[in-house]
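Chain and residue survey
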Amino acid sequence: MNSLLGRIGRNDLRRHPVQTALAIVGVAIAVAVVVAVDLANHSAREAMQVSVESVAGRATHQIVGGPGGVDEQLYTRLRTELGVRDAAPVIEGGVTLAGEGGRPLTLLGLDAFAEGPFQRPLGSGDSLGDSFNDLLLGDRAVALGAGEARRLGVTAGDSLALRIAGRAVDVRVVAVVDDREDRARGLVLADIATAQALLRQQGRIDRIDLIADADTAAALAEAVAGQARVVPAAASGNAVLEMTRAFQINLTALSLLAVVVGAFLVFNTLSFVAVRRREAIGILRAMGVQRHEILTRILGDALLIGLAGTLLGLLLGFGLAHALVGLVLQTVTDVYFARAAGDLRLSALSLAAGVLVGLGGALVAALAPAREAASIPPRAALSRADLEDRARRLAWQAGLAGVLALALGAAFIVFSQGLIPGFIGLFAVILGAAFLAPLFTRFAGAALRPLARGRPLGGLIVEGAVASLSRTGVAVAALSVAVAAVIGVSVMIESFRESVIDWLQGSLAADYYVTAPGPLDDATADAIAALPAVGWVSRSRFHDLQTATGPVAIWALGLPEERHPALELRAGEPEAAFAAFASERAVLVSEPFAARRDLAPGDGLSLPAGDSNVTLTVAGVYRDYGSPTGVVLMRRALYQQLFADTTLSGIGVHVANAAPGDDALQARLEGVLAGLPGARVTDNAAVFEQSLIIFDRTFAITEVLRWLAGLVAFVGVVSALMALHLDRRREFAVLRAVGLGRGGLGTVIGGQSGLLGLAAGLWAIPLGIALAGLLVFVINRRAFGWTMGFELHALPLVEGVALAVVAALLAAVQPAWRAGREAIATGLRRE
Amino acid sequence: MRRMDPTVLALAALVGLAAGIGWWRFGGLADDAPADSQNLAELMGPSADADAFARVTGPRPLDFPADHGAHPDHRTEWWYFTGNLTSEEGRAYGFQLTLFRSALAPTPPDKDSDWATRQAWMGHFALTDISAGEHRASERYQRGALGLAGATVQPVRVWLDDWEIRSEGPDTLFPLRVQARESEAGIAIDLRLEATKGHVLQGDRGYSRKGRDPANASRYYSYTRLQAAGSVEFADQSAQVSGSAWLDREWSTSALDEGQQGWDWFALQLTDGRDLMVYRLRREDGRTDPNSAGILVDAAGAATPLAAGDFTLTPTRYWRSPRTGSRYPVAWELSVPSAGLRLAVTARVDAQEMPTTVRYWEGAVSVSGSASGVGYLEMTGY
Amino acid sequence: MADISFEALTRWYGDSPQHRVLDGISGHIRAGEFVVVVGRSGSGKSTLLNLLGGLDLPSRGTVRIDGADLATLSDRALTGLRRARMGFVFQAYNLIPTLSVGDNLRLPLSLNGIAERDQVSEWLARVGLEGREAAWPDELSGGEQQRVAIARALIHEPEFILADEPTGNLDLDNAERVIALLDGLCRESGRTLIMVTHAREVVGLADQLLTIREGRLVEADEDVAPGAAASADAPEPDAPEPSGDNTSADSADAQTDSTPTRPGGGVTHPAMMRKGSSS
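Small disclaimer: the values here were computed from a predicted structure and weren't measured.

Of the regular secondary structure elements, chain C holds six helices and ten strands. Burial status across chain C gives 41% buried among its 279 residues. The long-range share in chain C, meaning contacts at least 24 apart out of those at least 6 apart in sequence, stands at 73%.

Regarding its fold elements, chain A presents 27 helices and 21 strands. Looking at chain A as a whole, 52% of its 831 residues qualify as buried.

Moving on: the nonpolar core. Soluble, globular proteins show a tendency: their nonpolar side chains are buried together. Residues V261 and V266 of chain A are the most contacted members of the largest nonpolar core, which totals 241 residues. Excluding its chain neighbours within four sequence positions, the residues that come into contact with V261 of chain A are A30, A478, V481, A482, A709, V712, A713 and G716 of chain A. Judged by nonpolar contacts, the second largest core, of 150 residues, contains A88 of chain A together with Y80, A245 and Y360 of chain B.

Residues and elements named next belong to chain C. Pairing in this open sheet of four strands is antiparallel, and the strands run β2-β1-β4-β5 from one edge to the other. The open sheet has two edge strands with one neighbour each: β2 (20-29) and β5 (68-69). Pairing analysis gives two bridges linking strand β4 (residues 60-65) to β5, with the strands arranged antiparallel. Along β5, the bridge assignment pairs I65 with A68. Sitting on the sheet, helix α1 (residues 45-52) is in contact with β1 (4-12), β2 and β4, with an inclination near 125 degrees to β1.

Okay, the sheet that holds strand β8 (residues 192-196) of chain C next. Residues and elements named next belong to chain C. In space, the six strands of this open sheet follow the order β6-β7-β8-β3-β9-β10, with mixed pairing throughout. Each having just a single partner strand, β6 (86-89) and β10 (216-218) make up the two edges of the open sheet. This sheet shows a mean twist of 25 degrees between the axes of neighbouring strands, independent of strand direction. The pairing of strand β7 (residues 160-164) with β8 spans five bridges and is parallel.

Right, let's get into the interface of chain C and chain A. Every contact between the two is made by 24 residues of chain C and, on the other side, 19 residues of chain A. Only α2 (75-85) and α3 (101-111) of chain C provide two or more residues apiece to the side of chain C that touches chain A. No other element matches α2 of chain C, which puts seven residues into the side of chain C that touches chain A. Looking at the side of chain C that touches chain A residue by residue, the classes come out as eleven nonpolar, six polar and seven charged.

With that out of the way, let us pick up the interface of chain B and chain A. Tallying the contact residues gives 29 residues for chain B and 25 residues for chain A. Every element with two or more residues in the side of chain B that touches chain A is listed here: α1 (6-25) and β5 (134-143) of chain B. Broken down by element, the residue count for the side of chain B that touches chain A peaks at six residues, all from α1 of chain B. For the side of chain B that touches chain A, the residue count by class is 14 nonpolar, four polar and eleven charged.

Moving on, we come to helix α6 (residues 172-189) of chain C. Note: α-helices contain 3.6 residues per turn, so residues at a spacing of three or four share the same orientation. Residue and element names in this part refer to chain C. Compared with the 26 Å implied by 1.5 Å per residue over 18 residues, the 26 Å span of α6 between its first and last C-alpha is a close match. Those residues of α6 not exposed but buried are A175, E176, R177, V178, I179, L181, L182, D183, L185 and C186. Buried residues along α6 sit against β3 (34-38), α5 (142-154), β7 and β8. A positive phi of about 70 degrees marks G190, the residue just after α6.

Right, let's talk about unusual backbone geometry for a bit. For residues other than glycine, phi is negative in most cases, and the peptide bonds are mostly trans. All names here are of chain B. Backbone torsion omega between Q154 and P155 reads 0 degrees, so that peptide bond is classified as cis. Within the secondary structure, P155 is located in the loop between β6 (149-152) and β7 (157-160). For the bond running from F174 to P175, omega is 0 degrees, close enough to zero to count as cis. Within the element layout of this structure, P175 appears in the loop between β8 (163-167) and β9 (176-182). Even without being glycine, A235 reaches a positive phi, approximately 55 degrees. Along the polypeptide, A235 turns up in the loop between β13 (217-234) and β14 (237-252). The class for A235 is partly exposed, based on 13 C-beta atoms found within 10 Å.

We now examine the environment of A175 of chain C. Residues and elements named next belong to chain C. Position of A175 among the secondary structure elements: in helix α6. What makes A175 buried here is the crowd of 21 C-beta atoms within 10 Å. In sequence terms A175 and Q146 are 29 residues apart; their C-alpha atoms lie 9.6 Å from each other. Sequence-distant contacts of A175, defined by excluding residues within four places in its chain, comprise T167, L170 and A199.

Let us look at the pairing of strand β19 (residues 631-635) of chain A. Residue and element names in this part refer to chain A. β19 sits mainly inside the fold: five of its five residues count as buried. Where burial is concerned, the two faces of β19 agree: the one with V631, L633 and R635 and the one with V632 and M634 are both buried. Where strand β16 (residues 586-590) lies against β19, two bridges are found, and the strand directions are antiparallel. Considered in β19, the bridge of V589 is made with V632.

Take the packing of α5 of chain C against α6 of chain C next. Relative orientation and spacing of two packed helices are given, respectively, by the angle between their axes and the distance between those axes. Residue and element names in this part refer to chain C. Between α5 and α6, the least distance of the axes is 10 Å, while the angle of their chain directions is 10 degrees. What the angle tells us is that α5 and α6 run roughly parallel. Between α5 and α6, the residues in contact are G143, Q146, R147, I150 and L154 and N174, V178, L181, L182 and L185, respectively.

Residue and element names in this part refer to chain A. Structurally, the position occupied by A59 is in the loop between α2 (17-56) and β1 (61-64). Each C-alpha atom of the pair A59 and P117 lies 8.6 Å from the other, and the pair is 58 residues apart in sequence. Apart from the residues within four sequence positions on either side, A59 is in contact with F118, D209, L210, I211 and A233.

This part is about the confidence of the model for chain C. All names here are of chain C. Mean pLDDT over chain C stands at 75; residues scoring 70 or higher make up 78%. With pLDDT under 50 throughout, residues 222-279 is counted as low confidence; its partners more than four residues away or in other chains account for 65 contacts. Here the predicted complex scores 0.67 on pTM and 0.82 on ipTM.

What follows is about the pairing of β6 of chain B. Residues and elements named next belong to chain B. In this structure, β6 lies alongside β7, joined through four bridges in antiparallel fashion. Opposite A151, over in β7, you have V158 as the bridge partner. Following β6, the chain reverses through four residues before pairing antiparallel with β7; Q154 in that reversal takes a positive phi of roughly 60 degrees.

Here we come to helix α20 (residues 636-643) of chain A. All names here are of chain A. Burial in α20 covers these residues: R636, L638, Y639, L642 and F643. Considered in projection along α20, the buried side chains sweep an arc of 155 degrees and stay on one side of the axis. For α20, the secondary structure elements touched by its buried residues are β13 (534-547), β14 (550-558), β17 (604-609), β18 (612-622) and β19. Once α20 ends, the next one or two residues include A644, with phi positive near 50 degrees.

Our next topic: the packing of α3 of chain C against α5 of chain C. Residue and element names in this part refer to chain C. Remark: α3 packs on α5, axes separated minimally by 7 Å, with the N-to-C direction vectors making an angle of 25 degrees. When the interaxial angle is binned, α3 and α5 end up roughly parallel. The interaxial crossing formed by α3 with α5 has right-handed handedness. Here V101, N104, L105, L107 and P108 of α3 lie close against α5, whose contacting residues are V148, A151 and R152.

Rules used in this analysis
Every chain is numbered independently, its residues counted from 1 as its sequence is written. Here every chain gets a letter starting at A, and every ligand a number starting at 1, in the order they are written. Whole-chain, interface and lining totals are the exception, using all residues; otherwise, since this is a predicted model, local features are given only for residues with pLDDT of at least 70 and side-chain atom pairs are given and counted only at 80 or more. For the purposes of this entry, the term helix denotes a DSSP run of H or I that reaches at least four residues, the term strand denotes a run of E that reaches at least two, and both are numbered from the N terminus. In this scheme every C-beta is placed from the backbone, and a residue whose C-beta has 20 or more other C-beta atoms within 10 Å is buried, one with 12 or fewer is exposed, and one in between is partly exposed. A pair of residues counts as a contact when their C-beta atoms, built from backbone coordinates, are separated by no more than 7 Å. Nonpolar cores are built from buried Ala, Val, Leu, Ile, Met, Phe, Trp, Tyr and Cys residues. These are joined into a set through C-beta atoms within 7 Å. By definition, two strands form a pair when at least two bridges between them are found by DSSP. Each axis is a line fitted through C-alpha atoms, taken for helices only over the stretch in contact, and angles between the N-to-C directions span 0 to 180 degrees. For this classification, Asp, Glu, Lys and Arg are treated as charged, while Ala, Val, Leu, Ile, Met, Phe, Trp, Tyr, Cys and Pro are nonpolar and the rest, including Gly, are polar. Here the expected length of a helix is defined as 1.5 Å per residue gap, with one fewer gap than residues. What sets the label is the angle itself: under 35 degrees gives roughly parallel, over 145 gives roughly antiparallel, 65 to 115 gives roughly perpendicular, and the rest give oblique. The pLDDT value tells you how sure the predictor is about a given residue, anywhere from 0 up to 100. Of all possible arcs, the one meant is that of the directions from the helix axis to the C-beta atoms. The hand of a helix crossing depends on one turn: near helix anticlockwise from the far one by less than a right angle means left-handed, and clockwise means right-handed.

The structure is reproduced here in structure tokens:
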């Protein structure tokens, strides 16, 4: 019995292949976006996890020191005096491939004698086998994982050209180790002696990895107190993972936007199905088919569409994920400086999410139309006028729901703190505005009516668009949501970019920046300061301080007496803050740092220094987009006091007397740096440019998602409006019978469509602006701690409206063409 | 009436395709094969670059205390302690502590780092609780750099991590403090050794030939009767112990000939004050190699070398190792007619095979027959 | 087989009880009767049919089938009743357009769980459409569609057939054929047939005639001349007499007034000489 009723539905879907296909495609795209983003996020997380693990192995704790690392004799003491067995020394240094755009690699120096328990991918004697001796004894001998060797195009026995701290060094690959999961990606393994010699770190190692339980770790911490500290091994890796979480939540939220639009699509299609089958359902009800049987049939059809769309979407999503994963990992590497390189990894959860979205979304979206269909009385006793009455009432109900949703969303945002409640509030606002869209369309129509007076065509257009609100309401809502998303994200990115430019212009105070892969020293800075045409220099040292909760980025800045840092303070009175910075045990912290640790001016910040902790006062919070992990800025004298580190990471050169672009000066600077391999002089315009390039690259993925959401919207509106027009063939036939020519009919259809598109586009503007505002002031703030300005330009708004109108006009093409060609009588026969 | 709906067919095909892709993506992961144990004899045999190392080619006078220390240009070297101890309560223990040095290259590496070295050290520490019949052992590796492992003289100190032997005085080897601990295995010793007799030179004034090639030889001396006193820990028990110990010192580059399978080495301390050491080199075909030798030291310390023909060894009982499947003779008949010795040498505990990377049996034995005593037996190449 | 009785049936829509489509109609239909409902367009006859068939519920009054008031039934029960005991033929759009002719016929069988043997081909033959099982509704002419609709209304052997203007869209020949078919098939099996129609020719076949004007039952015209029957502007039979004395003006009152006629008796019409009709 079911099969016959089911056949009605399936035949019906097959008879309207374009609409059915469009609904399937809409679901497919939504599923694809969700799956792709989830897979990309998952792969990125796994890749970072692997990166962390491949370097940390099974280590539970690490013994770390200050900027100078750990004295190697401490390891001997651990072994011979304290009898510690599960300890392994580690030297880790950044090197690059020689040649243009040298890819960064990590030179990892390990002691194979100690590596056994740590199970690092390249570490132990087991994996090295016969090359063990070569690695230990050979001059500049290194080993690579099979994947990395392939990437570099070398095999055992080849030599590899690297640059280490600016020097050109050729190393010899003595072993290529089987590395199935590519866990040794980006690693160059050497015996610890080789690494120490190559990195010129005599007497020092970077850390000692430990496998120990909590008690042993505590005992060791006491034993090494004064010389070094014991921190949890995962601290640094976990810290990075934690921070990229916010970034990944943003991506997921964007992908869910696509789902919202996809769900609207299914809803829309099934509403049309219910309308289309009104008479048939009336007959079936007359013949004695029960209400619930009608309901399940509609749901069954929804399930079919959902299933087809989901399967297609899973395949599409898998393909899309390949593209996205590269973008996500690039962003993570750029922004978080994490060594995250990897491939796409499948996750059952991601695919399950896709299935849930596709099937679940289809079913949920189908509920209301299914109930509507089930409530159609036998023999369709209701007239079309009644239907429209109902729709009007529904529009008011929806409007009420919309206002409620808006209020709820606002409440969520105002009264909550976290990122996820922020997103919930955002979605509530979007849904609220979507529910209000049909009402807006009515009002727009009412407003336009006076304009159309006296113009018959105009009247037809306006009435036609507004009168069939039962069908157009949902289409307008869906389209406005998607266009609003497109607008909102554009405005947010624009605002962010402007803020970054402002910030760069403000903070790039020096005329030239001197950097080197190896450390610089005061002598070089003095030599530069002594050059004619140089007004003064700033001296900077960057150091990642290892703490129990992860690394803290410290920026030590040395300036001449009367100068203070070129920063924009967001909290703390500038005069007082800079004064404290210059003379007291006070620091300035960047916004992300303050947000993460909940710090305000006057709070204390505890940092490990030497053999104890010091408490520094937070004098102010400044704006900094350079690092989402946050920075602690202190004056260099204080830094040297606390950490006994006199090296420099960078020197800022300020030209005297605002002399015009002086090539001679650049040449002279380079002369001073001649002895330092790899040292570079960059003018601040180049730094500016480079920073923006990285920014744009970071938002590449957001752009991609924005356009995907737009695509779903496009497909959605074409589908909805086409169905609308195709449904009114009789109406159009009557018009033509009455005397409206083909051109006139095309104008009417196109005009109605365009009007609806315009309504959606216009409604999307305030929604899009509100969205952008939420993204700028709520989401970004909560995710990263950044504040930024709000820049509203006309272009994104115009783009959005244009998208809506173009989609709507496109949707009118086929129906208009068809209505024009069809014999009038045929059209009249339809009802 | 039940014709296959084309829509259903298409959906089934899509599902099948998706499942197929999923299947193909998930490959199985094979386990790594475990590493095999190695035969000690294989390590000791000739190898390609043996010529580059220093070789023992003839007798040379030994120079102490320098020769108590390391000989870095020779490939292999060890400090080899064994002993039988008894606690105040009458429990019997056997111990073995060996520190091996292995030179991985003929010349030192040219690297600007204190970690650079060509010396690899290995330590074996074993303790047998004879009364309980239980044997525990531990193995360690370390590089000979940065003070992590090595040997120095004045005072003599040889160590690997926290396993250490150290002479109390700057010029003499004994009294010697021997300390080793392995928490994971639950064993530790802390002994003070004193020499009751002087050292004896093995072979021809310390030149101990092992094969037809004169360069297949080692420099070899021993302290055959040491007094030991101190403490041991085994499982949760600790005890004050005393007893006798034996130190073998040997260094070489390649000691074994081609065709030599392994050896059986006996170090016996008899109650009449004599010490007897014999070793039998076994050929692959089972015959005794004519380079087998021994030494008999009387109570005063005078040593008489023994040649292969001066003693006979006959295994009388075998034990099969459950771990490796090797069959070791754990009871022997040893006769040295010229010394009037007809001895039965029996392992005090059968299961004293070393669970180390290098496979061999090393354990405390008791002596009975025409004389009685205790000793240690080492068997390789099974 | 059950009787249908109805009492004081009143129906209005929305909030306008003053505009009544039906106003206090009462009547009784015996099992097996052929009842014809006539009246002008907009007189409320379709509404009466809907009420009798359980397709709609009255604003006031009752419809009873076998004594059970339809209004007391749940929607489920009402639907079940229609499924098993009724067959409907409408003026247009009878068939499900996305099912073939054969499947359309199968529908009542499968809904009622009746095993299909050869009813489909049998009924197609009976309505003169053998071999058209695989055709689609939009491939058939209007008359053919109606004939399929009739077969579908009868295939599950319901007690009641309710036909609303089944010949409204048909030409004269087809109309004749359809009515003859309906009448004959119903008489064969003793089913109750209630037909709403414009055509006065049918009146002669009916066992009971219900005339509705402006929502009320009125007396039928005694003389129904051929040709004049189609006129909806026939003078009302009970025009009130213009008099001042208390002559009861009865036209406005609802009256139970059915004019019984005999099958084959009363008015005949050459067009009623049909082929293949049972006596």
